[in-house]
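Chains, contacts and geometry: an overview
Letter by letter, the chains look like this.
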Amino acid sequence: MASSGNSRAAYQQDLLGHIEYQSSKLIKAYDKWSVTGIDTVIHTIEASIRAGDDLSEFQQNVRDKVDEKHLYPQLQNIFRTIEGAAAEVTGYKRAQFRQVVALGERIPDAENMSFPDNKPDFVLAEVPPTSEALTPEIDAGSERVKWRQICGFIEVKPTFNKGPNTTSTSTVRPIVSQGVNYARLILAARPFQLYVLCIFIYGPNFCLGWYDRRGVILSRDYHIDTNLDILVRAVLQLTTHMTPYQLGHDKTATILEGHTYYQKNYPSFVVSMGAGGDTRQWKTVGAPIWSSLSLLGRGTATWRAVSLLDDTDVVLKTLWRSQTRRSESNVYGLITKALPGVAAISVGDDVRHAVGKNENAVVTVGWLRSVILQDNACVNDDPVLHRLALTTIGRPLWDAETSKTFILGSLAALKGHEVLWEDKGILHRDMSPGNIFLGQPGCAAGWEGFLADLEFASVVQPMTETIVSLDQLPPLVDQQNTRGVFREETVLSSSRAPGAEITGTALFMAGELLEKMLRPDKKSKGKVRPAKIERDVHHDLESFILVLFYAVMKRGLEHGFSNQDPDAESDIKGLYCSLFGGHTIREIIAGRSSFLQQKPAYLYSAVDPPMQQLLHGCWKLLKSQRADSVPGDEYTAEIEEELQLNSEQPQLITYKQLYVTYRVALNTLSRFT
């Protein structure tokens, strides 16, 4: 999600109303043991720690108010002592192999994922099994940890007042929003992870944390000396005992036998719909095609996969859908025959788990909290884990080998968008890089590219329209902040003014929608919240153009431009970061405005003539639609008239204009091939 302000403030804004403080429930995640005499093991480990110097040195350093980094060595020794479980005395046999790793200054390896350079102080990393009580210690300085092998984290602050718990209903502590950043990267690198467990240490205190798609749960404050047994219990569970599923991994996505999260190449998974009698399974191939970086959003991830039933290729997609909207598979069900340029669905349904007597439990955030934390409090707008298999196979736009492939593929997707709207009354509303694909080599005409992801799509119904508004809801049990939920209702077109939820990926959202999100609602006392606006085709087309620029720059920066120029490449990197690197709505708008002030000639010079024409035509259309984007009033209009400086009127982007741009680019392409 994105909000106004700086990036940390953005996470704080998003979290308001989504945090449960001082919870007594979180300790229950660490209560499940299959070890006889576990209390004796924990007391022995605790005694071993107290017999050493690390705990007393740590507490003295806290009292001396030393720099945070000087607290790490003692904590690392304590974590290693816990992992070892005094096995030579207790005879404890570990069931899992994870290690708490101090990262120092080393950023985890994101491989080919576009992650920011952020890191926790310590990470919980999956490591190779060993016959010894302790796993060989990882030196993060020489052995780089991959983000995908990280399944939890520990964040350290030197003083109690920097801890996560607060009694305020209007602020979020910085350490909590830091945790959002780490949790979202873990979930993006491991898309089959359903929640993230963590520990916060602040001065002599610590608390346990839980991050999922509906917010954060924080335990009460514990003292590292008087509650050392709780720290021992938590770290021992995390490193040696919790099953992957207790740690948050989806039961319906089993890592392929012989594969690991720490191996060189991204592992494969055997994926199903869960219980409910559906026996279909798929094997993922390679890393995700797309993985969302949001925490409180849908968490969409798409994979190349193969059906284990008939060996056919599919695109497998998992997301958290809102119960207040149609499911994506339901929207696909409105398409009764194959439409060129639009992905076709094979199967789509909510994911189910079998737990105890319930063999057909639909997976939601609230259900997970109930099962793991025994938390039966209502989760408002409780999202549902949803999975689809699409039979239309594709690859990202930036994988295009040639300009012809890129141009024809994106054009086919554009035509798919038009036929959805003109023939089916379906407006996509989430044109982003993860939703526009190239077709397979040698595909039939019209299938050179296609659209996917219809979960945010709006569906026109005769004489009715969909209205979405934000309703205030009471806090949950043990929750001090208020929260809201979008409510959707279908009404007669004449009964209310049109409105819609501002949905989609913020980096590619139309400028008009971004600006609406920044304008305070007078009734909400100045708080930033989505405004009502009638969504239309031109908003989607603006997003489509932004995706084209993103894909062209990503393709060139990863695989090389047609015309290599170090100076131009540096400028392109700067444009890529400013246009698509914003963490907040204000940053995104600022990057967009800068982009439209002057044509990016350095980008044009790096690509061939057909791509130059496509990009420049799209840039002009985008600039024209965003002309005079700041609304005026009678006073500004008067001075402009006197100065004879009447502002240029915006011209909305149309399919026809984009097709003209493509026609010119294709004509030029024909002369170069």
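Being a predicted model, the structure only gives us computed values, none of them experimental. (Residues numbered from 1 in each chain as written. Predicted model: local features only at pLDDT ≥ 70, side-chain atom pairs only at ≥ 80, totals over all residues. Heavy atoms only, no water.)

1. Let's talk about the sheet that holds strand β18 (residues 395–396)
One open sheet accounts for 3 strands, arranged β18-β20-β21; its pairing is antiparallel. Looking at which strands have only one partner, the edges of the open sheet turn out to be β18 and β21 (449–451). Across 3 bridges, strand β20 (residues 436–438) lies against β21 in antiparallel orientation. If you follow Ile436 over to β21, its bridge partner there is Leu451. Together, β18, β20 and β21 form the strand contacts of helix α10 (residues 403–424), whose direction differs from that of β21 by roughly 35 degrees. (Pairing = 2+ DSSP bridges. Helix = DSSP H or I, 4+ residues; strand = E, 2+ residues; numbered from the N terminus. Contact = heavy atoms within 4.5 Å. Axes fitted to C-alpha atoms, helices over the stretch in contact; angles between N-to-C directions.)

2. Topic: the pairing of strand β5 (residues 196–202)
Across the 7 residues of β5, 7 count as buried, placing the element largely inside the fold. Here β5 shows two buried faces, one formed by Val196, Cys198, Phe200 and Tyr202 and the other by Leu197, Ile199 and Ile201. Both strand β4 (residues 150–157) and β5 contribute to a ladder of 6 bridges, which runs parallel. Its bridge partner being in β5, Ile154 is matched across the sheet by Ile199. Once you follow β4 into helix α6 (residues 174–189) and on to β5, the crossover reads as right-handed. (Buried < 20%, exposed > 50% of the residue type's maximum accessible area, 1.4 Å probe, protein only. Right-handed = clockwise from strand over helix to strand, strands pointing away.)

3. Here's the deal with the packing of aromatic side chains
Summed over all chains, the structure comprises 23 aromatic pairs. Above the ring of Tyr261, the side-chain terminus of Arg190 is found at 3.9 Å from the ring centroid. In this arrangement the basic side chain of Arg298 is found over the ring face of Phe456, its NZ or CZ atom lying 4.1 Å from the centre. (Phe/Tyr/Trp six-rings, centres within 6.5 Å; stacked < 30°, edge-to-face > 60°. Lys NZ or Arg CZ within 6 Å of the ring centre and 35° of its normal.)

4. Structural notes on the packing of helix α2 (residues 38–51) against helix α4 (residues 72–84)
Contact geometry for α2 and α4: axes closest at 9 Å, N-to-C directions at 150 degrees. Considering the relative orientation of α2 and α4, their crossing is right-handed. Every residue of α4 that contacts α2 at Ile45, Ser48 and Ile49 is listed here: Ile78, Thr81 and Ile82. Along the lines of polarity and charge, the residues of the contact of α2 with α4 split into 4 nonpolar, 2 polar and no charged. (Left-handed = near helix turned anticlockwise from the far one by under 90°. Nonpolar A, V, L, I, M, F, W, Y, C, P; charged D, E, K, R; others polar.)

5. A few points about the pattern of salt bridges
Applying the stated criterion to the full structure yields 24 salt bridges. The partner of Asp430 in a salt bridge is Arg298, and the shortest N-O contact between them spans 2.6 Å. Here Asp430, found in the loop between β19 (426–427) and β20, pairs with Arg298, found in the loop between β11 (281–291) and β12 (301–307); they are 132 residues apart in sequence, far enough to count as distant. Considered together, Asp430 and Arg298 belong to a single accessibility category, that of buried residues. Put simply, Glu542 and Arg592 hold a salt bridge, and the shortest N to O gap is 3.7 Å. Of the two residues, Glu542 sits in helix α12 (residues 537–559) while Arg592 sits in helix α14 (residues 585–597), which places them 50 residues apart along the sequence. Note on accessibility: Glu542 and Arg592 belong to one class, buried. (Salt bridge = Lys/Arg side-chain N within 4 Å of Asp/Glu carboxyl O.)

6. Some thoughts on empty space enclosed by the protein
Summed over all chains, the structure comprises 4 cavities of 30 Å³ or more. Taken as a whole, the second largest cavity spans an internal volume of roughly 40 Å³. In this structure, the second largest cavity is lined by Ala29, Lys32, Gln237, Met242, Gln246 and Ile372. For the lining of the second largest cavity, the class distribution of residues is 3 nonpolar, 2 polar and 1 charged. (1 Å grid on protein atoms, 1.4 Å probe; cavity = no way out; pocket = protein on both sides within 12 Å on 5 of 7 lines; lining within 4 Å. Points joined across faces, edges and corners; volume = space filled by probe spheres on them.)

7. Some remarks on the packing of α12 against helix α16 (residues 609–625)
At a closest axis distance of 10 Å, the pairing of α12 and α16 adopts a crossing angle of 140 degrees. Taken as axis vectors, α12 and α16 run oblique relative to one another. Between α12 and α16 lies a crossing of left-handed hand. Of the residues in α16, those touching α12 at His538, Glu542, Ile545, Leu546, Leu548, Phe549, Val552 and Arg555 are Met611, Leu615, Cys618, Trp619, Leu621, Leu622 and Gln625. By residue class, the composition of the contact of α12 with α16 is 11 nonpolar, 2 polar and 2 charged. (Parallel < 35°, antiparallel > 145°, perpendicular 65-115°, else oblique.)

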